[in-house]
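Next come the chains, spelled out residue by residue.
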Amino acid sequence: MSSQPHIALPWVVRRTRLPLLSLRCVDCPSRSATTGKGRFRVNANGKLLDVWLLVRCVSCDRTSKLTVHERAPVRSLDPALLDGYYANDPTLVAATLLDPQFARRLGLALDWQGAWQLDAPPARLDEAWPWHVAVDFEAAVPIRPDRLIAQGLRLSRNEVLRRVKCDISLRRHTSVGFTFIVMTKVSTY
């Protein structure tokens, strides 16, 4: 390592919107849907409730329903939760959509492309090496670290793999904070 102190850079990953859903539309060839404004539909049949999350096709704007609760007794749902469904609470929409059990039960995949941003101070390549970078996630956004680092440092992913030392795998998605060290460019003679 260098005798100079490293430069510590804080990076923060923020969610800018909810992810798209990989969901096949019945009307058009699109395979993406969005929650739009985030609405629930609650239907009562006697003492039983059905709750759906409404999603829209990004191409043809067709509305589809994703089952949240099916034929659930009214008393089995927490009153605050039920009020959230009726009020179309945006926090509840996000929590429902990002719930892994909900996605697994319906066979949904989330498309995070364009749904997050990296807030990082500008990298100055002429400053002292090595750099120590701490990445924090404001929300659980699954990102491959090599892609995140390549975007933040404006390097190719191959260059990232050569110059970055990290305790986690750079090629596996993560949504928890991590740190890495960027080493100086190795010159070849």
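Details of the structure are given in the entry above.
Residues numbered from 1 in each chain as written. Predicted model: local features only at pLDDT ≥ 70, side-chain atom pairs only at ≥ 80, totals over all residues. Heavy atoms only, no water.

A. Here's a closer look at helix α4 (residues 145-153). Burial analysis of α4 places seven of its nine residues in the buried class, the great majority of the element. Along α4, the residues classified as buried are Pro145, Asp146, Leu148, Ile149, Ala150, Gly152 and Leu153. Directly beyond the C-terminal end of α4, a positive phi value near 55 degrees is found at Arg154. (Buried < 20%, exposed > 50% of the residue type's maximum accessible area, 1.4 Å probe, protein only. Helix = DSSP H or I, 4+ residues; strand = E, 2+ residues; numbered from the N terminus.)

B. Structural view of the nonpolar core. Trp11, Val13, Val135, Leu148, Ile149 and Phe180 are the most contacted members of the largest nonpolar core, which totals 24 residues. Those elements giving two or more residues to this core turn out to be β1 (7-15), β7 (116-119), β8 (131-137), α4 and β10 (178-182). When neighbours within four sequence positions are excluded, Val135 is seen to be in contact with Trp11, Val13, Leu148, Gly177, Phe178 and Phe180. Counting 21 residues, the second-largest nonpolar core is a separate cluster that includes Leu18, Phe40, Val51 and Leu66. (Core = buried A, V, L, I, M, F, W, Y, C linked by side-chain atoms within 4.5 Å. Contact = heavy atoms within 4.5 Å.)

C. Quick look at unusual backbone geometry. Of note in the backbone geometry, Asp61 takes a positive phi value of approximately 70 degrees without being a glycine. Topologically, Asp61 is positioned in the loop between β4 (48-57) and β5 (63-73). Of note, Asn88 is a non-glycine position whose phi angle comes to about 55 degrees, a positive value. Here Asn88 shows up in the loop between α1 (79-87) and α2 (90-98).

D. Broad picture of the side chain of Thr96. Among the secondary structure elements, Thr96 is positioned in helix α2. Classification of Thr96 as buried rests on a relative accessible area of 8%. Among all residues touching Thr96, those that are not within four sequence positions of it are Phe40, Leu53, Val68 and Phe102.

E. Focus on the packing of aromatic side chains. One pass over the structure, following the stated rule, counts three aromatic pairs. Taking the centre distance of 5.4 Å and the plane angle of 70 degrees together, the rings of Trp11 and Phe180 count as edge-to-face. With a gap of 169 residues between them, Trp11 in strand β1 and Phe180 in strand β10 connect regions that are remote in the sequence. Take Trp11 and Phe180: they sit in the same class, and that class is buried. Here Phe40 and Tyr85 contribute two aromatic rings whose centre-to-centre distance is 4.8 Å and whose plane-to-plane angle is 70 degrees, an arrangement assigned as edge-to-face. Of this pair, Phe40 sits in strand β3 (residues 32-45) while Tyr85 sits in helix α1, placing them 45 residues apart in sequence. For Phe40, a relative accessible area of 7% translates into the label buried. (Phe/Tyr/Trp six-rings, centres within 6.5 Å; stacked < 30°, edge-to-face > 60°.)

F. Structural detail: the sheet that holds β5. With antiparallel pairing, the five strands of this open sheet are ordered in space as β5-β4-β3-β2-β6. Unpaired on one side and paired on the other, β5 and β6 (109-111) mark the two borders of the sheet. Geometrically, the sheet is characterised by an average inter-axis angle of 40 degrees between neighbouring strands, direction not taken into account. Examined bridge by bridge, β4 and β5 share eight bridges and lie antiparallel to one another. Counted as the bridge partner of Trp52 is Thr67 from β5. Packing against the sheet, α1 makes contact with β3, β4 and β5, and its axis sits at approximately 120 degrees to β3. Against the sheet, α2 contacts β2 (20-22), β3, β4, β5 and β6, and its axis sits at roughly 100 degrees relative to β3. (Pairing = 2+ DSSP bridges. Axes fitted to C-alpha atoms, helices over the stretch in contact; angles between N-to-C directions.)

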